[in-house]
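# Structural description and commentary
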Amino acid sequence: MNIDGIAIWQYATPVAVAALGETVAQRTGVIHIGLEGAMLVGAFFGMLAAYTTGSPWVGVMAAMLAGTALSAIFAWLTVLRAADQVVVGTAINLFALGITGTLYRSQFGQSGKILSVPKLPVLAGRIDAVQLLTIIATIGIALMFRLSALGLAMRSAGEYPKATESAGFSALKLRMAGTLVSGALGGLAGAYLSLGIAGAFAENMTAGRGFLAIAMVTFGRWNAVGVVGAALLVGFADSLQYSLQAGRSVIPFQLLIALPYLVALLVLIFVGKGTRAPAALGQAYRKEGTA
Amino acid sequence: MTAQARGHALQAGSLILGVTIALIVALAALRIPVVDSVRLIGEGAFADRFALARTAVKSTPLLFCGLGMVVAWRAGMYNIGGEGQYITGALASAALAKWCLAMQWTGPVAVVLLILAAAFGGALWAAIAGWLFLRRGVEVVISTILLNFIAVQLLGYLTSGPLQEAKRQVPQTDLLPNELMLGRFDRQLDVHVGCILALVTAAALAIYLFRTVPGYRLRVVGENRRFAAVNYIKTDRVQMSAMAISGALCGLAGASEYLGIVGQLGNTFPQQWGFLGIPVALLGGLHPIATVFSAIGFGALFAGTDNLARFTTAGPAIVYVIQAVTVLAYVFIQTRRRPTPAEDT
């Protein structure tokens, strides 16, 4: 495997896209634990749609729809019905793992015959559309949060939802929107995994990348650019293992893979959650006087 | 029958009914022959003593991890790091086992120490997350996710480095001799002492949570931290110890797999038991005794679907769907019943 900048970028894109989505959700106050599930249904339904229609773009659309649909269940229970985000998220992830595994086996056989799925075409050089879109979306989301009224309203829903309501916005709607956006991006991230990189689907192919994306949001201090940067760093560390495994190295490669998590943990140990974290993160908001 | 017991029985009955309906609907929706599948699952889980042994063996780590979640979640600590604690527990045990083998020391005392080492390894890993929450305000959810990843890499490093087999070919530890493994009741069956230990632990935990003062304090802290604090309960200490106990229990799950079944650690050691403990505990209503039944129920489903996988395309993945749907239905019912008070922050 040839490791260069573009390969690393490509390798890091699924986590970066998912982490970008998670940033939006967390900024509105929702820890979208179901992100792993959104990625997995994205990877599966993206592959399925591309396989049946022959178009990777239809696959990408299907993946984003699947991710959004799964996140809608999450958002409905956690935002509107104020259920616990960890409980629902865990169930959503299990559901995605079970449904994609079972459907895949029942449709493509137990061993999973090698499918030839149309991969995403490359644009300029070896860079494809999703990679470019990641950059545009990162800058767009960063600017939206910093400059636009909507961005401010979304942030306020994550900081102090009561104030959001006082200002005439619906904190619940903003949180719903944040969660659905993160689901759509999670689905896209999954599709990139199956259609952009692998050209196939495998059971549990996300293998914890959704959780990794959640961790990167903390590492990147809830800032879109920082989060994507953190994800790229992880992709780099991850890709190093291949070149290190080939030759004998002084540093164990497991340490390198664990490095981003260790750094994230050290940041938390020394800086703590810090003032960057949305104040109402993970807390359900209930409108006064409603049942 | 008291009203409380009737309530519990009703809850258990509706849960079993719910799981059965979810199973049938899932099978039908996925166009898998329902009757044959249910028969295959039943045979795989209960048909003979081998099937029953499989159910017991699958239920054991589920129960340990489920109990771990019960303690932490009851104290308001959303530990989702059971997987990492399961791994570090087993690693601590493996490190001690290597030393035992080097000293040529085996026997019951050594095995007990191996079990304790696993509890300690898990507790230590969970304590990091507890400390981060109490001293640095970091959500337990986030820190335990990070710690899960680090634990997996730690496993990879140790099994290809300091704890690797003597031959140094495969990244795994040496197979433990029988003298260092948990005792078995029958040579032909995998059922080991750990299965009984899990049941005893569940009973002990039920007494701790509902019949002792520290257990009462733990539940109060989980219900309402501020109320606990104004009543002079040391909330930090309570939550920290809840995390440590939770980690210790997940570490014991690691011990039961390592010392009871596989006897060596490698890349395939993590089997998601730490994650699956969460729905098991939730569907057990976060009560230790109900969690026993929930763990056995899902242990049977896993054993049964292993059997199903040998004859059809459906496999254990369908259990995840069933678990997920029942948890979501449970959440749905719970959030409808409870009137939501106005927030006073």
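In this text the structure is predicted, and so the values were computed from the model without any measurement. (Residues numbered from 1 in each chain as written. Chains lettered and ligands numbered in written order. Predicted model: local features only at pLDDT ≥ 70, side-chain atom pairs only at ≥ 80, totals over all residues.)

### A few points about the overall build of chain B
Helix and strand content of chain B: 13 helices and 0 strands. For chain B, the sequential pattern of α-helices and β-strands runs α-α-α-α-α-α-α-α-α-α-α-α-α. For a compact globule of 345 residues, the expected C-alpha radius of gyration is about 20 Å, and chain B comes in at 21 Å, within 12% of that figure. In terms of overall dimensions, chain B has C-alpha extents of about 65 × 55 × 35 Å along its principal axes. A total of 345 residues make up chain B; the buried ones form 53% of that total. Within chain B, contacts between residues at least 6 apart in sequence are counted, and of these 78% link residues at least 24 apart. (Helix = DSSP H or I, 4+ residues; strand = E, 2+ residues; numbered from the N terminus. Rg over C-alpha atoms; globule rule 2.2 N^0.38 Å. Buried ≥ 20, exposed ≤ 12 C-beta atoms within 10 Å, placed from the backbone. Contact = placed C-beta atoms within 7 Å.)

### Quick word on the overall build of chain A
Each helix and strand counted, chain A has 11 helices and 0 strands in total. Seen in sequence order, chain A has helices and strands lined up from the N terminus as α-α-α-α-α-α-α-α-α-α-α. Within chain A, buried positions represent 55% of all 291 residues. Put simply, 78% of the contacts in chain A that link residues at least 6 apart link residues at least 24 apart.

### Topic: the nonpolar core
All names here are of chain A. Grouped together as the largest cluster of nonpolar side chains are 219 residues, with contacts concentrated most on A19, L188, A215, M216 and A231. Considering each element in turn, this core owes the most residues, 15 residues, to helix 8 (residues 171-198). Among residues more than four places away in sequence, those in contact with A231 are A12, V15, A16, A19 and M216. (Core = buried A, V, L, I, M, F, W, Y, C linked by C-beta atoms within 7 Å.)

### Regarding the interface of chain A and chain B
Residue-level contacts link 48 residues of chain A with 44 residues of chain B. Those elements that place two or more of their residues in the side of chain A that touches chain B are helix 4 (85-108), helix 9 (209-219) and helix 11 (253-271) of chain A. Considered class by class, the residues forming the side of chain A that touches chain B number 29 nonpolar, 14 polar and 5 charged. (Nonpolar A, V, L, I, M, F, W, Y, C, P; charged D, E, K, R; others polar.)

### Regarding the confidence of the model for chain B
Interpretation of this model should avoid reading the predicted coordinates in detail wherever pLDDT is low. All names here are of chain B. Confidence along chain B averages 88 in pLDDT terms, with 97% of residues attaining 70 or more. Across residues 338-345, where pLDDT falls below 50, the model places 8 contacts with residues more than four positions away in sequence or in other chains. Predicted complex metrics record ipTM = 0.85 and pTM = 0.87. (pLDDT = per-residue confidence, 0-100.)

### Digging into the packing of helix 3 (residues 56-80) of chain A against helix 8 of chain A
Where helix 3 of chain A contacts helix 8 of chain A, the two axes come as close as 7 Å, and the packing angle between them is 145°. The interaxial crossing formed by helix 3 of chain A with helix 8 of chain A has right-handed handedness. (Axes fitted to C-alpha atoms, helices over the stretch in contact; angles between N-to-C directions. Left-handed = near helix turned anticlockwise from the far one by under 90°.)

### Some points on the packing of helix 7 (residues 193-211) of chain B against helix 8 (residues 213-223) of chain B
All names here are of chain B. Direction vectors running N to C along helix 7 and helix 8 enclose 70°, while the axes themselves pass 5 Å from each other. Classified by the interaxial angle, the pair formed by helix 7 and helix 8 is roughly perpendicular. Contacts between helix 7 and helix 8 involve Y208, L209, F210 and R211 from the former and G215, L218 and R219 from the latter. Here the contact of helix 7 with helix 8 is built from residues that sort into 4 nonpolar, 1 polar and 2 charged. (Parallel < 35°, antiparallel > 145°, perpendicular 65-115°, else oblique.)

### Things to note about helix 12 (residues 288-311) of chain B
When the terminal C-alpha atoms of helix 12 of chain B are compared, their 35 Å separation across 24 residues agrees well with the 34 Å that a helix rising 1.5 Å per residue should span. For helix 12 of chain B, the tally of buried residues reaches 18 of 24 residues, placing the bulk of the element in the interior. (Expected span 1.5 Å × (residues − 1).)

### Points about unusual backbone geometry
If you check the backbone angles, A:R221 has positive phi at about 55° while not being a glycine. Turning to its location among the elements, A:R221 is positioned in the loop between helix 9 and helix 10 (224-246). The partly exposed category is assigned to A:R221, around which 16 C-beta atoms lie within 10 Å. A positive phi angle, close to 60°, is found at B:R168, a residue other than glycine.

### Brief notes about helix 5 (residues 129-147) of chain A
All names here are of chain A. Taking 1.5 Å of rise per residue, the 19 residues of helix 5 would be expected to cover 27 Å, and the 26 Å separating its terminal C-alpha atoms lies within 8% of that figure. Among the residues making up helix 5, those that are buried are V130, Q131, T134, A137, T138 and I141. When helix 5 is viewed along its axis, its buried side chains cluster within an angular range of 110° and face the same direction. Of the residues in helix 5, the exposed ones pointing more than 90 degrees away from the buried face are L132, I136, L143, R146 and L147. (Arc of directions from axis to C-beta.)

### Quick word on the environment of A:S182
Residue and element names in this part refer to chain A. Note that S182 resides in helix 8. Classification of S182 by C-beta neighbours within 10 Å gives buried; the count is 34. Along the backbone, S182 and S170 are 12 residues apart, and their C-alpha atoms lie at a distance of 19 Å. Discounting chain neighbours no more than four positions away, the residues touching S182 are G21, E22, V24, A25, H32, L35 and S71.

### Topic: the environment of A:I31
Locating A:I31 in the fold gives a position in the loop between helix 1 (5-27) and helix 2 (35-53). Along the chain, A:I31 and A:L233 lie 202 residues apart, while their C-alpha atoms are 22 Å from each other. Sequence-distant contacts of A:I31, defined by excluding residues within four places in its chain, comprise A:Q26, A:Q85, A:L281, A:G282 and B:V141.

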